[in-house]
Amino acid sequence: MSMTDPVGDMITRIRNGQRAGKSSVISPASGLRAGVLEVLVREGYIRGYERYVVRPGVEELRVELKYHEGKPVIQEISRVSTPGRRRYSKIKDLPKVYNGLGISILSTPRGLMSDHEARLANVGGEVLCRVF
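Residues numbered from 1 in each chain as written. Predicted model: local features only at pLDDT ≥ 70, side-chain atom pairs only at ≥ 80, totals over all residues. Heavy atoms only, no water.

Participant: Report on the environment of Ala20, specifying residues and quantitative values.
Facilitator: Tracing the sequence through the fold places Ala20 in the loop between α1 (6-19) and β1 (24-28). With relative accessibility at 56%, the residue Ala20 sits in the exposed group. Taking C-alpha positions, Ala20 is 16 Å from Asp9, a pair spaced eleven residues apart along the chain. (Helix = DSSP H or I, 4+ residues; strand = E, 2+ residues; numbered from the N terminus. Buried < 20%, exposed > 50% of the residue type's maximum accessible area, 1.4 Å probe, protein only.)

Right, dumping it as C-alpha cells:
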C-alpha cells in the first residue's frame, strides 16, 4: 500500500516518539524527509539523524530525539501543507510561529529551509510544517 503523505507520517512518528519518551524513532527514507530532518538539526530541535540500508533497495532514517530537563524540545509539530491542500506563501505574507519562538519549514526553489533562512534569502515557497 502506498503512502499519500510521507512527511506527515514522519512528523507523526516524531510526535508519538516524544510523547512515549523514546530516544529515537525510525522512518522510511526519502530525500524530502532527510531535508526536513536537516532543517530540524540546524535549528536544534533534534540531536541528529542517520540514514542506513535495511536491505538492498530499502533505506530507513533513525531520528535521535532531543530532550531538555526531561521534557521534549519539540513541544508542538504540525503539518501545514497537505497533499489535498497545498499552502504556499510569499515571504512577506509568511507569519511568524509563536512570535518568532518557533519555525516554519518551507520548500523553496533553493531547497528546504526554515522561515528565517527564507527571509534572509528573500524567497517564498510551500509551507510544509510548523515546529515549536
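We are not done yet, so read on.
Participant: Describe the pattern of salt bridges, and please don't skip the residues or the numbers.
Facilitator: Counted under the stated rule, the structure contains eight salt bridges. Note that Asp9 is salt-bridged to Arg33, the shortest N-O span being 3.8 Å. Separated by 24 residues along the polypeptide, Asp9 in helix α1 and Arg33 in helix α2 (residues 31-43) bring together distant segments of the chain. In this structure Arg33 comes out as buried when scored by relative accessible area, which is 3%. (Salt bridge = Lys/Arg side-chain N within 4 Å of Asp/Glu carboxyl O.)

Participant: Any chance you could break down the pairing of strand β10 (residues 125-131) for me, citing the residues and the numbers?
Facilitator: For β10, the buried fraction is high: six of the seven residues fall into the buried class. As judged from the three bridges shared by strand β6 (residues 77-79) and β10, these two strands associate in the antiparallel manner. Looking at the pairing, Ser78 lines up with Arg130 of β10. In this structure, strand β7 (residues 88-89) lies alongside β10, joined through two bridges in antiparallel fashion. What sits directly across from Ser89, in β10, is Gly125. Summarising the sheet, strand β8 (residues 103-108) and β10 pair through five bridges and their orientation is antiparallel. Bridge pairing in β10 places Ser107 opposite Glu126. (Pairing = 2+ DSSP bridges.)

Participant: Pulling in residues and values, what's your account of the sheet that holds strand β2 (residues 46-55)?
Facilitator: Here we have three strands laid out as an open sheet, ordered β1-β3-β2, and antiparallel in their pairing. Of all the strands in the sheet, the pair left with one neighbour each is β1 and β2. Mean inter-strand twist for the sheet, computed between neighbouring axes without regard to direction, equals 25°. Where α1 meets the sheet, its contacts fall on β1 and β3 (58-65), and the angle it forms with β1 comes to roughly 165°. Strands β1, β2 and β3 of the sheet are contacted by α2, whose axis makes an angle of about 155° with β2. (Axes fitted to C-alpha atoms, helices over the stretch in contact; angles between N-to-C directions. Contact = heavy atoms within 4.5 Å.)

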